[in-house]
Amino acid sequence: MFLAPLAYATVPDDKPKLIIPDSLRATYKYTDALKALAIHDDTLKALPLLKEALEIDSTYAPAHYELASHYLQQDVRRAIHHARKAYEQDTTSRWYMGLYGQTLAIGGEYDAALPIFQKLIKEDKNNPDHYRILSILYQQRKQPYSAIATLDSAEVRFGKISQLSQMKRHLLIRTNQMDRAIEEAQQALNEAPYEVDNVLSLGQTYAAAGRDSLANVTLQQAIRMDSTSIDALTTYADFCSRRHDTNGYLASLKLLFAQEGYPLERKVDLYKKLTVDRNFYGNHFYVIGSLAQTLMIHYPDEKSVIDLYGDHLLASGDFDHALIHFKNHLSSEPPQMDYYMAVIDIEDYLQRPDSVDYYVQRAMERFPEDPKLLIRKANRQYIKGNLTGAIDSFHEAMTLTESDTLQGELWGYVGDTYHAIAERRAAQLKAKIKRDTSAYPVKLKPQKAMELCFDAYDKALALWADNAMVLNNYAYFLSEQGSDLERALVMSSRAIVLEQNNSTYLDTHAWVLYGLGRYEEARNVQRKALMLDTTGSEALMMHYGDILYALGEKFMAETYWRKALDAGADPQEVETRMAKLKTPPAE
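Residues numbered from 1 in each chain as written. Predicted model: local features only at pLDDT ≥ 70, side-chain atom pairs only at ≥ 80, totals over all residues. Heavy atoms only, no water.

Student: I tried to follow the overall build of the chain on my own but got confused; where do I start?
Tutor: Looking only at helices and strands, the chain has 32 helices and two strands in total. Computed over C-alpha atoms, the radius of gyration of the chain comes to 41 Å, more than 25% over the 25 Å expected from 2.2 N^0.38 for 587 residues, which places it beyond the range of a compact globule. Each principal axis of the C-alpha distribution contributes one length, and for the chain these read about 130 × 80 × 50 Å. Taking all 587 residues of the chain together, 44% fall into the buried category. Taking the contacts inside the chain whose residues are at least 6 apart along the sequence as the reference set, 47% of them involve residues at least 24 apart. Each charge sign in the chain was given a centre, from 66 positive and 80 negative side chains, and these centres are 2 Å apart. (Helix = DSSP H or I, 4+ residues; strand = E, 2+ residues; numbered from the N terminus. Rg over C-alpha atoms; globule rule 2.2 N^0.38 Å. Buried < 20%, exposed > 50% of the residue type's maximum accessible area, 1.4 Å probe, protein only. Contact = heavy atoms within 4.5 Å. Lys, Arg positive; Asp, Glu negative; His and termini not counted. Charge placed at Lys NZ, Arg CZ, Asp CG, Glu CD.)

As structure tokens, then:
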């Protein structure tokens, strides 16, 4: 570009001062912006200079070009605006034309971009990227045959280019030109027979054409060439999955799981999908287990891997190794509550109460603010008979949570524990034991303990009205006392709605109906409870017998009382009921 000569003016101190002609002011702003970008990579300084250049001359194409390049990845609409302005000033510039076409393509204006790249191919014939973008534009316009023709033209001019060849192969597959697609992939392989990607492409093309035997052989060849190729392993795994070749699929996954370049999240996701179907998991248990071991070897400290490997050990019934596995990670940093809970649960399952107590205490030391551990501690105290201590632990847990639901749950546990105290003292008094001399004695009278039980249940329901377990237990204990049965009916009715098909809750509902003298309704509900029961509960059989007796069906009542006796019911209670059968009915 021809620049007009610069003039200098003399100032009083005799130093020359640069005077820039108006026609060059935009150019100098643009030049300063380029310096800021090229030398200092200072976009913050360059952008205002480019905008100043446009304020001086709104048609200054170089400034529009630079701004379009800047906005291309962050504001495509502004990029299109500036690229169009630059192109309008000089429609013969391949740089302006190319950037304008690129912004239109990125902005989704395919119809406008197409003629730009058609023109570029004519005026800039030696740039294969123009052919690539023009092919993509044809694809976006649902013109795959035009896209193929464009790529054919590129091949005639430039020869085989890997990226364009891959595009062409995919288009041939999409248009069901399978023989041409195979030929394209075979040509690429012939030119570079030691490239794994070319072998893989041929295998994929065979698979797409339905030539599974050739696909299988070719894809395995790609894996033999590079057993660490993630593309080859994932492609072969997908191929085996589509063919329902489980052995091939699992074998390729084992190799894939050993590759660090394949994301761990994806590996864990694939593993979990294998274990969703319990039948599939059981039929391929040991192979899937080897996948878990592979992950454990490569990611020994990843929580997701520790969890899934521990779950696999538990599923195999190998509780001893599962226990060792989780114990080995108790010292992990940051500490993981899950590992402690797993150890506690396994020790509890193995009936090692001392170990359970020990690990509960260790967990509490590491997680002193977690209410779940205090609940575990309370449960252990309850099992050992320390009912007063359990209540104290439940109350302590309440201080560590603000959740109404959990608070309500804890009050429900407190109520259950007071009921256990009432039962213990009632049994002792029945046996004429005046003083509780157990390791953890209780002093409350049964009536007082039940008052505290019901008070705790009231607090539980005030915090969590739909606590099904509290509703059920409250209703049942009221029915046992024969008091406030209408309220008990409301609670039991809600419980069986919240947890449908729960045989225990249905039994409670039937027993409340029985207490209200609604025997026919009670029989229907209790019959359903017996059908759903999987435990062989003697209480359900005894209750059904009582309901049948109230309906005058003495023979069937006796039958169910005897079934209850065989299931483990108290012989004295059964004998008391049998005695009623021999007693003549009152006038």
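Back to the text.
Student: Would you explain the packing of aromatic side chains in this entry?
Tutor: The relative placement of two aromatic rings is captured by the distance of their centres and the angle of their planes. With the rule as written, the count across this model stands at 20 aromatic pairs. When the ring of tyrosine 65 is compared with that of tyrosine 96, the centres are 5.5 Å apart and the planes differ by 45°; the resulting orientation is tilted. With tyrosine 65 in helix H3 (residues 61-71) and tyrosine 96 in helix H5 (residues 94-106), this pair connects stretches of sequence that are 31 residues apart. Three or more aromatic residues link up through ring pairs in this structure, and these residues are Phe454, Tyr457, Tyr474, Tyr476 and Phe477. (Phe/Tyr/Trp six-rings, centres within 6.5 Å; stacked < 30°, edge-to-face > 60°.)

Student: For this particular structure, what's the right way to read the pattern of salt bridges?
Tutor: Note that side chains of opposite charge can pair when their charged atoms are close. Under the defined criterion, the tally for this structure stands at 36 salt bridges. A salt bridge links arginine 77 to glutamate 109; the nearest nitrogen and oxygen atoms lie 2.3 Å apart. One end of the pair, arginine 77, is in helix H4 (residues 76-89); the other, glutamate 109, is in the loop between H5 and helix H6 (110-123), and 32 residues separate them in sequence. Taking relative accessible area as the criterion, glutamate 109 reaches 25% and is therefore assigned partly exposed. Of the charged contacts, one joins aspartate 212 and arginine 243 as a salt bridge, the two residues approaching to 3.6 Å between their closest N and O atoms. In this pair, aspartate 212 is assigned in helix H12 (residues 212-225) and arginine 243 in the loop between helix H13 (230-242) and helix H14 (246-257), connecting sequence segments 31 residues apart. For aspartate 212, a relative accessible area of 29% translates into the label partly exposed. (Salt bridge = Lys/Arg side-chain N within 4 Å of Asp/Glu carboxyl O.)

Student: Looking at this model, I keep getting lost on the packing of helix H10 (residues 178-191) against helix H11 (residues 196-208). Mind explaining?
Tutor: For any two helices packed against each other, the geometry is given by the interaxial angle and the distance between the axes. Between H10 and H11, the least distance of the axes is 8 Å, while the angle of their chain directions is 165°. Comparing their axes, H11 and H10 come out roughly antiparallel. In terms of crossing hand, the pair formed by H10 and H11 is left-handed. Along the contact surface, H10 presents Met178, Ala181, Ile182, Ala185, Gln186, Ala188 and Leu189, while H11 presents Asn198, Val199, Ser201, Leu202, Thr205, Tyr206 and Ala208. (Axes fitted to C-alpha atoms, helices over the stretch in contact; angles between N-to-C directions. Parallel < 35°, antiparallel > 145°, perpendicular 65-115°, else oblique. Left-handed = near helix turned anticlockwise from the far one by under 90°.)

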